[in-house]
Amino acid sequence: MIVGTLGEIYGMGTDTSGLDLQSALQHDLTLGGAVALLIFFAFAMQCISTLAVVRRETGGWKWPIIQFSYMSVLAYIGAFVAFRVVG
């Protein structure tokens, strides 16, 4: 998912090779930024269908909101710490 997202951000189409994206990322992204990005993507809630299932199973929006908020804060703090330690 992250490769497709970064490809869209850098304006790379599906017909270009991955080397163009690789060289663009090496130019723009530091080691600390790369580690922070990986930490964020690992902990952030990316699957909206999971939130929908939690809502259906719990019968309300309380737990999906808590789950989304908790995972977003965890991802941000983890990425911030990783960027400060590695970067």
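Conventions we followed
Residues numbered from 1 in each chain as written. Predicted model: local features only at pLDDT ≥ 70, side-chain atom pairs only at ≥ 80, totals over all residues. Heavy atoms only, no water. Helix = DSSP H or I, 4+ residues; strand = E, 2+ residues; numbered from the N terminus. Rg over C-alpha atoms; globule rule 2.2 N^0.38 Å. Buried < 20%, exposed > 50% of the residue type's maximum accessible area, 1.4 Å probe, protein only. Contact = heavy atoms within 4.5 Å. Salt bridge = Lys/Arg side-chain N within 4 Å of Asp/Glu carboxyl O. Phe/Tyr/Trp six-rings, centres within 6.5 Å; stacked < 30°, edge-to-face > 60°. Core = buried A, V, L, I, M, F, W, Y, C linked by side-chain atoms within 4.5 Å. pLDDT = per-residue confidence, 0-100.

Now for the overall build of the protein. Assigned secondary structure in the protein consists of 5 helices and 0 strands. In sequence order, the secondary structure elements of the protein are arranged as α-α-α-α-α. In terms of overall dimensions, the protein is more spread out than a globule: its C-alpha atoms have a radius of gyration of 16 Å, far above the 12 Å expected for 87 residues. Seen through its principal axes, the protein has C-alpha atoms that stretch 45 × 35 × 15 Å. In the protein, buried positions account for 18% of the 87 residues. Summarising the internal contacts of the protein: among those between residues at least 6 apart in sequence, 54% fall at separations of at least 24.

Now for the pattern of salt bridges. Per the counting criterion, the structure on display carries 1 salt bridge. Among the salt bridges present, the one from Glu-57 reaches Arg-56, with a minimum N-O distance of 3.9 Å.

Note that Met-45 resides in the loop between α3 (31–43) and α4 (48–58). A relative accessible area of 12% places Met-45 in the buried class. Placed 29 residues apart in sequence, Met-45 and Leu-74 show a C-alpha to C-alpha distance of 10.0 Å. Met-45 has contacts with Thr-50, Leu-51, Gln-67, Phe-68 and Met-71, leaving out every residue within four places of it along the chain.

Here we take up the packing of aromatic side chains. Summed over the entire model, instances satisfying the criterion amount to 2 aromatic pairs. Plain terms: the ring middles of Phe-40 and Phe-41 are 6.5 Å apart, the flat faces sit at 80 degrees to each other, and that makes the pair edge-to-face. By relative accessible area, Phe-41 is classed as partly exposed at 23%. Arranged with centres 6.5 Å apart and planes meeting at 20 degrees, the rings of Tyr-76 and Phe-80 form a pair that is stacked. In this pair, Tyr-76 and Phe-80 both sit in helix α5 (residues 62–86), 4 residues apart, roughly one turn of the helix. The class for Phe-80 is partly exposed, based on a relative accessible area of 42%.

All right, on to the nonpolar core then. Core analysis: the largest hydrophobic core is formed by 5 residues, namely Leu-6, Met-12, Leu-21, Ala-24 and Leu-25. With 3 residues, helix α2 (residues 18–28) is the single largest residue contributor to this core. Discounting chain neighbours no more than four positions away, the residues touching Leu-6 are Leu-21, Leu-25 and Leu-37.

Next up on the list: the confidence of the model for the protein. The share of residues in the protein with pLDDT of 70 or more is 92%, and the mean pLDDT across the chain is 88. Element-level mean pLDDT values for the protein span from 78 in α2 up to 96 in α5.

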